[in-house]
Each structure stands twice: as structure tokens, then as C-alpha cells.
Amino acid sequence: MADQSSVTFASLLRQHRLRADLTQEELAYAASVSVRSISDLERGVNLTARKETTRLVADALGLTGAERAHFESVARGAASTATASPAAISTAGTSTVTVGTTTPTTPSADPVHASASIALPVATGGVAGATRTLPRDVASFTGRSTELAQLLEAAAGAQDAGVVSIWSIGGMAGVGKTAFAVHAAHQLEPLFPDGQIFLPLHGHTPGQRPVDPADALASLLLTAGVLAQLIPPGLEARSRRWRDHLAGMRLLLVLDDAAGHEQIRPLLPGTEGSLVLVTSRGHLTALEDARYISLDTLPADEAEELLIRLAGRPGIDQGDPSVAEITRLCGYLPLAIGMLARQLYHHPAWTSARLVSDMAATRDRLEFMHVENLSVAAAFDLSYDDLTPDQRQLFRRLGLHPGTEVDAYAAAALDDTDVMTATRHLEALYDQNLITEPSQGRYRLHDLLREHARKLAAEDPTQEADGAISRLLDYYSRAALAASAHMAKKSPGNEPVVDWAGPASTPVVATRTEAVAWMEAERLGLHAAVEYASLSERRRYAVVIASAMHGFLRSFGYWDQALILHQIALRAARQDGDVLAEAAALTDMAEIQQLSGDYPQAVDSLNQALKLFRSQDNRPGQASALNELGVVLLGLADHPAAIASHSEALALYRELGNRAGEASALNELGLVQRATGDYRGAAVNHELALRLYRELGNRFGEASALNRYAQMLRSTGDFAGAAASHEEALAIHRETGNRIGEATALYGLGIVHQATDHVRAAIESQLQALQLARELGYKFGQATALNGLAAAQFAAGDYEAAIASYSEALRLHRELGYRLGQVTALNGLAAAYLRAGELEAATASLNESLRLCEETSHRPGEADARHVLGTLQLAEGDHDAASASLRRALELYTELGVRNGEAEVLNTTGELLLASGQAAPALAHFQRALRIASEIALRAEQLRAQSGVERCEQLREPSVSAQ
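1. Let's talk about the packing of helix H1 (residues 9-19) against helix H5 (residues 65-75)
Following both chains from N to C, one finds H1 and H5 inclined at 145°, their axes separated by 9 Å at the closest point. Considering how the two elements wind past one another, H1 and H5 form a crossing that is left-handed. Each of Phe9, Leu12, Leu13, His16 and Arg19 in H1 lies in contact with H5, whose residues at this interface are Glu67, His70, Phe71, Val74 and Ala75. Looking at the contact of H1 with H5 residue by residue, the class counts come to six nonpolar, two polar and two charged.

2. What to know about the pattern of salt bridges
For the coordinates displayed, the defined rule picks out 56 salt bridges. In this structure, glutamate 522 and arginine 442 form a salt bridge, with 3.0 Å as the shortest nitrogen-oxygen distance. One end of the pair, glutamate 522, is in helix H22 (residues 512-535); the other, arginine 442, is in strand S13 (residues 442-444), and 80 residues separate them in sequence. A relative accessible area of 9% places arginine 442 in the buried class. Connected via shared salt-bridge partners are Glu52, Arg55, Asp59, Arg68 and Glu72.

3. Structural notes on the pairing of strand S4 (residues 165-170)
By the criterion of burial, S4 is predominantly enclosed, with six of the six residues buried. Side chains Ser165, Trp167 and Ile169 project from S4 onto one buried face, and the interleaved Ile166, Ser168 and Gly170 project onto a second face that is buried too. Strand direction decides the pairing type here: S4 and strand S7 (residues 275-280), joined by six bridges, are parallel. Bridging across to S7, serine 168 finds its partner in valine 278. Strand direction decides the pairing type here: S4 and strand S8 (residues 290-294), joined by five bridges, are parallel.

4. Comments concerning empty space enclosed by the protein
Evaluation of the coordinates by the stated rule reveals five cavities of 30 Å³ or more. Quantified by volume, the second largest cavity comes out at close to 70 Å³. For the second largest cavity, the full set of lining residues is Leu398, His401, Gly403, Thr404, Glu405, Val406, Ile435, Tyr443, Arg444, Leu445 and Arg450. Every element with two or more residues in the lining of the second largest cavity is listed here: strand S11 (405-406) and S13. Tallied by class, residues from the lining of the second largest cavity come to five nonpolar, three polar and three charged.

5. Concerning helix H2 (residues 24-31)
Taken residue by residue, H2 has Gln24, Glu25, Leu27, Ala28 and Ala31 as its buried positions. Seen from one end, H2 has its buried residues packed into an arc of 165°, which puts them on one side. Looking at the buried positions of H2, the neighbouring elements they touch are H1, helix H3 (35-42) and helix H4 (51-61). At the C-terminal side of H2, serine 32 shows a positive phi close to 60°.

6. Section: the packing of aromatic side chains
Under the criterion given, the structure shown has nine aromatic pairs. Relative to phenylalanine 395, the ring of tyrosine 384 has its centre 5.7 Å away and its plane inclined at 50°; by these criteria the two rings are tilted. Placement of the pair is tyrosine 384 in helix H16 (residues 376-384) and phenylalanine 395 in helix H17 (residues 389-398), with a sequence separation of 11 residues. By relative accessible area, tyrosine 384 is classed as buried at 10%. Classification of phenylalanine 395 by relative accessible area gives buried; the value is 0%. Ring-pair connections join several aromatic residues into one group, and the members of that group are Trp559, Tyr778, Phe780 and Tyr818. Between arginine 392 and the ring centre of tyrosine 384, over which it is positioned, the NZ or CZ distance is 5.6 Å.

7. Describing the packing of helix H27 (residues 619-635) against helix H29 (residues 659-675)
Running from N to C, H27 and H29 cross one another at 20°; their axes reach a closest spacing of 10 Å. Taken together, the axis directions place H27 and H29 in an arrangement best described as roughly parallel. For the element pair H27 and H29, the recorded crossing hand is left-handed. Of the residues in H29, those in contact with Asn627, Val631 and Leu634 of H27 are Ser664, Ala665, Glu668, Leu671, Val672 and Ala675. Residue composition of the contact of H27 with H29, by class: six nonpolar, two polar and one charged.

8. Side note on the pairing of strand S6 (residues 252-258)
Of all seven residues in S6, seven are buried, a share of seventy percent or more. The pairing of strand S5 (residues 195-200) with S6 spans five bridges and is parallel. Paired with proline 200 across the bridge in S6 is aspartate 256. Sheet topology note: the S6/S7 ladder contains five bridges and is parallel. Pairing of leucine 252 across the sheet is with leucine 275, part of S7.

9. Notes on the confidence of the model for the chain
Of the residues in the chain, 90% have a pLDDT of 70 or more, and the chain-wide mean is 85. Note that residues 1-5 has pLDDT below 50 and, in this model, 10 contacts with residues that lie over four places away or in other chains. Here residues 959-963 is modelled with pLDDT under 50, and outside its nearest four sequence neighbours on either side it reaches zero contacts, counting other chains as well.

10. Structural notes on the sheet that holds S5
As summarised here, the arrangement of the six strands in space is S3-S5-S6-S7-S4-S8, forming an open sheet in which the pairing is parallel. Taken across any chain shown, the strands that pair with only one partner, and hence form the sheet edges, are strand S3 (131-132) and S8. Pairing of S3 with S5, which is carried by two bridges, proceeds in the parallel orientation. The residue bridging arginine 132 from the neighbouring strand is glutamine 196, located in S5. Set on the sheet, helix H8 (residues 177-188) makes contact with S4, S5, S6, S7 and S8; between it and S7 the angle comes to about 165°.

Rules used in this analysis
- Residue indices follow the written sequence of each chain, beginning from 1 at its first position.
- At least 70 in pLDDT is required for a residue's local features to be given in this predicted model, at least 80 for side-chain atom pairs to be given and counted, and no such filter applies to totals for whole chains, interfaces and linings, which use all residues.
- Note: side-chain values were computed over all heavy atoms of the structure, leaving out hydrogens and water.
- Inter-axis angles, ranging from 0 to 180 degrees, are taken between N-to-C directions of lines fitted to C-alpha atoms, where helices are fitted over the stretch in contact.
- Helix and strand assignments come from DSSP, with helices taken as H or I runs of at least 4 residues and strands as E runs of at least 2, each series counted from the N terminus.
- In a left-handed crossing the near helix is turned counterclockwise from the far helix by less than a right angle, and in a right-handed crossing that turn is clockwise.
- By definition in these notes, contact holds between two residues if any of their heavy atoms fall within 4.5 Å.
- When residues are grouped by polarity, Ala, Val, Leu, Ile, Met, Phe, Trp, Tyr, Cys and Pro land in nonpolar, Asp, Glu, Lys and Arg in charged, and all others, Gly among them, in polar.
- When a carboxyl oxygen of Asp or Glu is within 4 Å of a side-chain nitrogen of Lys or Arg, the pair counts as a salt bridge.
- Burial classes: relative accessible area under 20% of the type maximum marks a residue as buried, over 50% as exposed, and values in between as partly exposed (1.4 Å probe, protein chains only).
- Strand pairing requires that DSSP identify at least two bridges connecting the strands.
- With a 1 Å grid spanning the protein atoms alone, the term cavity applies to any set of points in which a 1.4 Å probe fits but cannot get out, the term pocket to an open set with protein on both sides within 12 Å along at least five of seven lines, and the term lining residue to any residue with an atom within 4 Å of a point.
- Grid points are joined across faces, edges and corners, and a volume is the space filled by probe spheres set on the points.
- Read the arc as the range of directions from the helix axis to the C-beta atoms.
- Any Phe, Tyr or Trp ring, taking Trp's six-membered ring, that has another such ring centre within 6.5 Å forms a pair; planes under 30 degrees apart are called stacked, those over 60 apart edge-to-face, and the others tilted.
- We count a charge as sitting over a ring when the NZ of a lysine or the CZ of an arginine lies within 6 Å of the ring centre and within 35 degrees of the ring normal.
- When an angle is under 35 degrees it counts as roughly parallel; over 145 it counts as roughly antiparallel; between 65 and 115 it counts as roughly perpendicular; any other value is oblique.
- What pLDDT expresses is the predictor's confidence in each residue, scored from 0 to 100.

Shown next as C-alpha cells:
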């Protein structure tokens with residue numbers, strides 16, 4: 001019998017807990033007390049226990065009779081000479097190894113598994129059976145199915161392969177690393193019959209130093225059943241003893257909250273069969289053979305599920321908008337979600353909607369995220385404290401960035417350092433999981449970490465923060481202007497003028513491809529910079545950056561974003577009283593309005609810009625605004641005004657010696673001339689524009705001119721030349737990333753394919769053009785491609801599909817107010833209705849088309865309408881009316897030089913004459929049509945003409961024989 005006069009409550013509590021096979025967490029849960037209370041009592045921090053605590057713990061342990069009386073007596077601090085109980089005797093050889101310092105520990109703030117620093121049981125007389133010290137798994141564990149499956153599969157494979165499997169589980173503070181490791185360990189338990197050990201290493205425990213590897217080894221050896229007197233001194237000797245003890249065993253070892261690889265390496269088993277799970281805020285990249293699982297924040301649905309589980313409140317369930325908003329405001333971080341869920345649970349009077357309202361109204365969301373003495377901010381501070389002063393400074397300044405991502409150049413600007421140093425510091429922050437790297441060289445702060453960094457930065461002197469922001473905006477302005485040099489504007493002449501020297505650290509963008517890649521990567525960050533600058537008395541930066549982004553946003557279809565940025569720039573320019581910047585922003589905005597189909601607003605913006613440029617006698621700006629105004633006026637079918645506008649722009653560009661502007665004006669002028677039927681003038685201007693662009697090495701402009709030149713060649717029946725020009729334009733547009741130009745080239749190729757009887761290729765080209773236009777939100781391109789697709793469907797004999805496509809094209813062109821496009825759709829609809837036998841619908845379409853042609857002086861459209869009308873009248877048997885309509889169509893086609901139109905209407909006229917019994921004039925028409933169709937390789941009309949010639953000759957043969 002052992003004298004127990006020296007028995008302390010700490011040792012007695014531990015004995016009873018171990019006999020009950022409970023962890024500290026499990027006992028605390030059963031007794032409804034905190035884990036810290038149990039831990040403090042077992043470690044002797046509190047020598048006695050309160051009466052209520054004693055009662056609760058005794059109930060949880062199931063103590064009755066003499067055992068309970070003895071337990072309560074010792075808890076009060078009374079000396080005991082009682083005989084040792086059977087429980088005491090059975091655990092008499094047990095003690096506890098204190099890992100690390102004796103400073104009281106703070107429980108983990110993990111929301112799905114709040115595990116305290118456990119006091120490991122140390123057997124001095126051997127341990128029967130396998131050692132199991134895993135903390136309890138909890139029902140509230142949520143999600144992580146992909147990562148868990150990966151780990152379980154790998155662990156099973158490692159068992160078969162007979163190797164030590166090491167997995168490092170990383171992620172930012174509060175993401176649930178410990179909870180995941182414990183949950184996975186419980187799932188894996190059957191694979192490791194020799195034991196499962198959980199060892200906290202206190203890499204980030206408030207008030208405690210990280211556990212020394214030698215102390216950790218002593219604890220592990222004792223836990224595994226090694227006698228205390230057999231544990232050698234020193235790290236190396238203990239490590240060898242640990243590896244020797246584990247030889248032939250299958251052990252699962254969870255090393256929680258590691259400070260670094262040096263702390264881990266001596267603890268690793270040396271032989272096959274064991275699995276080690278390491279949780280750490282660092283990446284542990286120096287830990288050889290370790291595989292890595294990086295835990296991200298939870299997906300939105302799993303975050304909502306976690307909040308609902310932990311809140312445990314009726315009425316708070318999925319589908320509730322406030323649940324989704326709370327998790328969003330928590331950044332989907334499990335730690336933050338858990339803290340707010342606990343607040344809802346413990347405050348029945350609170351509503352989730354009111355919590356959302358309060359969080360949205362506050363400037364500091366982190367203030368809401370705490371329970372008792374735990375907080376999200378404190379968890380972040382533990383990682384921040386591991387940094388060097390220079391690294392801390394960069395972390396704080398990253399919080400000042402108005403966007404979500406940075407690269408080394410932006411970080412260098414913020415921190416006023418060189419790129420190499422910034423890269424090194426960013427890597428350090430990444431290693432501590434304070435930032436993520438969503439793509440190579442680009443780093444992102446979690447929303448809550450950004451807020452924490454911004455709060456820390458607010459403690460720095462004001463001039464430091466102001467200087468950091470000014471350097472960042474300065475960098476973005478210069479880098480964006482450098483990239484914009486590779487993004488030619490449609491109407492050059494209104495680029496911003498800057499008078500500062502370039503910085504030492506800007507990325508190299510020597511080619512358009514590099515410039516496009518930089519703009520794409522920085523697009524959202526630049527947008528945030530524009531918004532910030534406009535609101536922070538740095539409005540000049542907003543104007544410059546928005547202007548520099550224009551060419552890229554225009555070419556790649558980011559038109560909604562462009563309109564927002566140009567509105568911001570316009571407002572900033574007006575606030576600064578910068579007239580030229582205001583006019584330039586209006587000009588850029590008008591181009592996007594025109595592409596988006598808002599022609600009236602584009603005209604208004606350009607007229608405002610032109611007035612402002614003239615007030616400042618700024619001729620480059622006037623030329624740019626006039627050139628863009630001509631484009632919009634063409635869309636409104638005001639051809640005389642469009643020609644006048646482009647001609648004035650051309651004269652100004654030539655006076656200024658601006659050859660790029662001259663080429664642009666010539667190219668746009670040629671397009672208007674083609675619309676009015678002046679194909680010769682259009683050909684001359686497109687050829688001049690093409691030559692100028694090539695001399696300037698302007699690939700963007702060259703491709704645009706090639707497309708326009710090809711359109712003119714199509715109109716005059718040179719399909720071979722048109723195909724070659726469109727193909728060349730398509731290659732350049734794809735090379736330079738101009739998706740609008742690519743869609744235009746595909747549409748043109750589709751028209752050529754159809755005209756040369758390659759109907760399947762025509763349909764495929766038009767479908768590609770339509771898809772591109774839809775992806776861009778380019779309504780004009782959609783309407784144009786639909787007209788082209790309908791024409792190809794008509795050629796394929798699918799009149800129902802053609803009617804549907806023409807109808808959709810007509811609807812879009814009406815929305816846009818583009819009357820020339822409406823004429824094309826109406827003429828096509830009339831022809832399709834005619835083939836489908838719907839003569840009344842065909843007549844209505846033609847009447848509307850002819851009215852629009854008269855209003856717009858659109859001679860090519862009128863020629864097409866007269867041709868279809870003559871065919872309709874022929875079908876109705878009104879030969880006189882048909883003859884008049886066809887004669888007018890032929891006159892127009894001949895005047896315009898539209899040779900394919902000439903061939904088609906000559907064939908139709910031949911059919912009319914042949915039906916009237918006039919074989920000789922019919923033959924003349926068919927022969928002329930055959931000659932033209934052969935010259936321009938118009939196969940369908942060739943066959944049609946040959947058939948007409950044969951039928952005419954057959955009719956003439958009897959009369960020849962009679963003679």
C-alpha cells in the first residue's frame with residue numbers, strides 16, 4: 001500500500017482520466033468545463049479546484065463512494081493518508097512529460113476542433129497495447145472531401161509500398177489544418193494498429209516557445225512505452241532510440257503546429273510502414289520526401305454548412321441570404337466562421353440578418369471575429385510575428401494596395417525597394433502562408449489578411465503610407481503606357497502626355513504579345529488603381545491609366561469595363577479642370593459606345609469632345625474625334641456627313657504629319673465610299689492605307705486595312721483576291737490578339753466561301769465569327785455574322801434556318817439603329833420567303849428595304865432589293881414589272897461595278913426572256929452572265945448561265961434546220 005500523503009490533485013486527476021481512457025478534451029467536453037481548466041489542473045497551475053468544477057469533473061469520471069470523497073478532499077487541498085485506491089495503484093508508474101515551457105497554454109482557436117495543448121501520458125512501467133493519444137474527432141467537421149480522399153488513397157498506397165509517408169498540411173492561420181489532420185487520422189486509424197500519437201509542437205502558441213526537438217523525442221519515447229531511465233540524453237541519441245523503437249511498427253504520428261523543418265526532421269520514423277502528418281503555417285519546403293496538401297478557404301456551400309452546424313439555431317439554414325453573406329464577409333475562413341457561429345449560438349436574441357448589417361457597416365470586420373480571449377486578428381499576429389522587420393513592412397504595405405493581386409514590380413514600388421528584394425520578401429510571406437500565389441509570380445492576400453495588414457499599416461506614419469501609394473500609382477501609370485504603345489488606337493491622336501522620367505523597375509514589354517499578357521494579368525489591379533486614384537486627390541493617375549488601357553480593352557472585348565473606366569477618367573478630368581483630358585476621355589468612351597451599339601450617345605460624346613479640342617486649338621485631338629465621328633455616322637447611314645468628317649480628319653492628320661492617323665482616316669473613308677458604291681475610290685484609299693500601315697510596321701492597322709480591302713474586292717467580284725486578303729488579315733489578328741478583327745475576317749471569308757460554292761466552309765466561318773462576337777458582347781458583329789450565316793444557309797437550301805438567322809440579324813440591327821445592316825437582312829429575308837413560297841412576307845420585306853435604301857441613298861442595297869423584287873414579280877407572272885425591276889438592278893450593279901450582282905441579274909433576266917419566248921435576247925443575257933461568272937470564278941452562276949445557253953440553243957435548232 002502506498003502512502004498518499006504526497007498525492008496532489010494534479011496527479012490524482014490525471015490517474016482517473018487515464019483510467020477512464022479520456023483525453024483532456026473529452027473530459028472537458030463531458031464535464032462542461034473548458035479544456036484549459038483541465039489542462040491547468042493537471043499541470044499544477046491551479047493546485048485546487050472550485051467545488052462546482054470538482055463536482056462536474058467527478059460526475060464526468062463516474063466517481064462514487066470513497067473514490068469520490070477522496071477526489072473531492074484532495075481537490076479542496078486537504079492532506080490525505082488514505083490507502084491508495086485500485087485506480088491509483090494501477091497507474092502508479094505514470095507521470096507526465098511537460099513539453100516546452102511551463103507557461104499556461106492557450107487553446108487552439110480552430111472552429112471545428114478546438115484542441116488544447118495536451119499533457120501526454122508517460123508510462124514508466126510499459127504500456128499495454130497500442131498507444132492512442134489522438135484528440136477526439138468532432139461531428140462539426142465540414143468539407144475537405146477532395147484533400148481527404150487524396151490523403152487516404154496515398155496512405156493506403158504507402159502501406160502497400162512499405163515506405164514512411166510524410167505529409168505536410170499547410171495553409172493560412174485559421175483555415176483548419178489541425179482539424180483536418182485529426183479528422184484524417186481518425187479515418188486512417190485502422191491502417192496503423194501499433195498506435196496513433198498526437199504531439200503538439202507549439203510553433204504558434206501564445207506564451208509558449210516552440211517545443212525543442214529533444215524534449216519532443218523524450219515525450220514520444222515515453223508515450224510509446226520506453227522506460228524513462230532508458231531514454232538517453234541529447235538530440236541525436238534520442239532520435240536514434242526513437243527510430244530503433246519504431247522498427248517494424250506501423251505508427252500514425254500527427255505533429256501539430258510545427259515551427260519549421262528543423263523541429264520535424266529528428267522526429268521522423270526511419271523504417272517503412274508509418275505515416276506522419278505535419279501541420280504548419282510554413283510550407284516546410286526543406287523537408288525531404290514530404291508531400292504537401294495546401295488547405296484553402298472553404299467553398300461557399302461548405303462554408304455555409306459549417307456556419308449552420310456550429311450556430312445550431314432554428315431558422316439559420318442554407319438558402320438564407322444572410323448565411324451566405326456572413327460566410328462571404330468571413331472570407332470563407334473556418335476560424336472566422338466558427339467564431340461568428342459561436343456568437344450566434346450563445347446569443348439567441350441575435351439575428352443573422354442584423355449581424356450581416358453590423359458587419360457591413362463596420363470599418364473593421366475583424367472586431368466581430370472573436371470568442372473569449374481568442375480572435376482572428378490574434379491568430380494572424382502569430383504568423384506576422386515570425387517575420388523580419390523588412391518582411392513585416394512589406395506585409396503592411398501590401399494592405400494598402402487597392403486591388404487583390406501584386407507582382408514583384410508592384411511590391412517593389414510599394415516598398416520603395418528593388419525587384420530582387422521585393423521578390424525575396426514576397427517568397428518569405430508565401431512561405432508563412434500570409435499570401436498565396438494563384439499564378440506564377442503573382443501574389444494575393446486573403447480578404448481578412450488584407451484588412452489586418454491595412455489596420456497594421458494605419459499605425460505607420462501617414463507620410464509613409466502616402467508615399468507607398470503614390471509610388472504604386474506612378475509605377476502603374478508608366479508600365480501601362482509602355483504596354484499601350486503596342487495597342488494601337490483606332491483613331492490615334494489623343495494619347496495622354498506625361499512629363500516624368502521612367503522608374504528603374506518596370507517590366508519589359510518588348511512585343512505586343514508581352515504587352516497583352518501584362519495587361520491581362522494587371523487588368524483588375526489597374527482598374528482598382530483608377531478607382532482609388534480618382535477618390536484620393538491623385539486624379540491625374542486615373543486619367544492616364546484609363547487612357548492607356550483603352551486599346552487593350554477595346555481589342556479584347558472588355559467594353560463594360562472600358563465604359564466604367566472612361567466615366568471615372570472623365571469625372572476626374574472635370575474635377576481637375578483638365579479640358580484636354582476630358583476631351584480625350586470622351587473620345588475613348590465614344591468608341592466603346594459605338595462598338596456597344598449606342599450610336600446616339602457616341603455622337604453626343606464626340607461632339608462634346610470636338611468642341612473641347614477646338615476650344616484648346618488641339619488639332620491631334622480634333623482629328624481623332626472627327627475620325628471616330630465618321631465611323632459612327634456611317635453606322636447611322638449618314639454617308640455625306642461621314643465622308644465630310646473623315647475627309648477633315650484626313651486633312652488634319654496630313655498637316656500634322658501623323659502618318660498613323662492618316663492611314664486610319666483613309667481606311668475609314670474607304671469603308672464609307674464602298675457603302676455608297678464608290679468602289680474605285682474605296683480601292684484607292686484602302687490600298688493607300690495598307691501601304692502606310694506596312695511602312696509604319698503597324699500590324700494592327702495592316703490587318704484592319706486588309707479586311708477592308710478584301711470587302712471591296714468581294715463587292716467587285718474578285719473573290720480570289722478577297723480570300724487572300726481576309727486570310728492574311730485573319731492570321732495577323734490572331735497573332736496580335738485582336739478578336740474583333742478576327743471575327744470580321746471570319747465573316748468575310750464566309751462570304752467568299754459562299755460565293756465560290758463552298759457552302760459548308762461558309763457556314764463554319766460564320767458560326768466561328770458569331771461565337772467570337774457573342775463572347776465579346778459585340779452586337780454589331782453578331783448581327784453581321786448572322787446575316788452572313790443566313791446567306792450561307794440560303795445557299796445550302798435551308799430556307800427555314802435562313803429566315804430565322806435573317807430575322808435575328810434584323811432584330812439586332814434595329815436595336816443598333818444600323819440601317820444598312822437592316823437592308824441586308826430585309827433583302828435576304830425577302831429572297832428566303834420567296835423560295836419558301838411566302839410571297840406576301842417577301843413583298844413586305846422588300847418594301848421596307850427599298851424605303852430604307854431611299855432614305856440612306858444605299859445604292860448597293862437598292863440593287864439587291866430590285867433584283868429580288870424582279871424575281872418575285874417573275875414568280876407572280878408580272879413579266880413587265882419584273883423586266884423593269886431587273887433592268888434597274890442591272891443598271892445599278894453595272895454602275896457600281898458589282899460583277900457578281902451583274903451575273904446574277906443577267907441570268908434572272910435571261911430566265912424571264914426565255915419564259916416570254918424571246919430566245920435570242922435570252923441567249924445574249926445568258927452568254928454575258930457566263931462570261932462574267934467565268935472571269936470571277938462564280939461557279940453557281942456559271943452553271944446557271946450554261947444551262948440557259950443550252951436551253952436557248954435547243955429552242956433555236958428547229959428553225960435552223962427548216963432554213
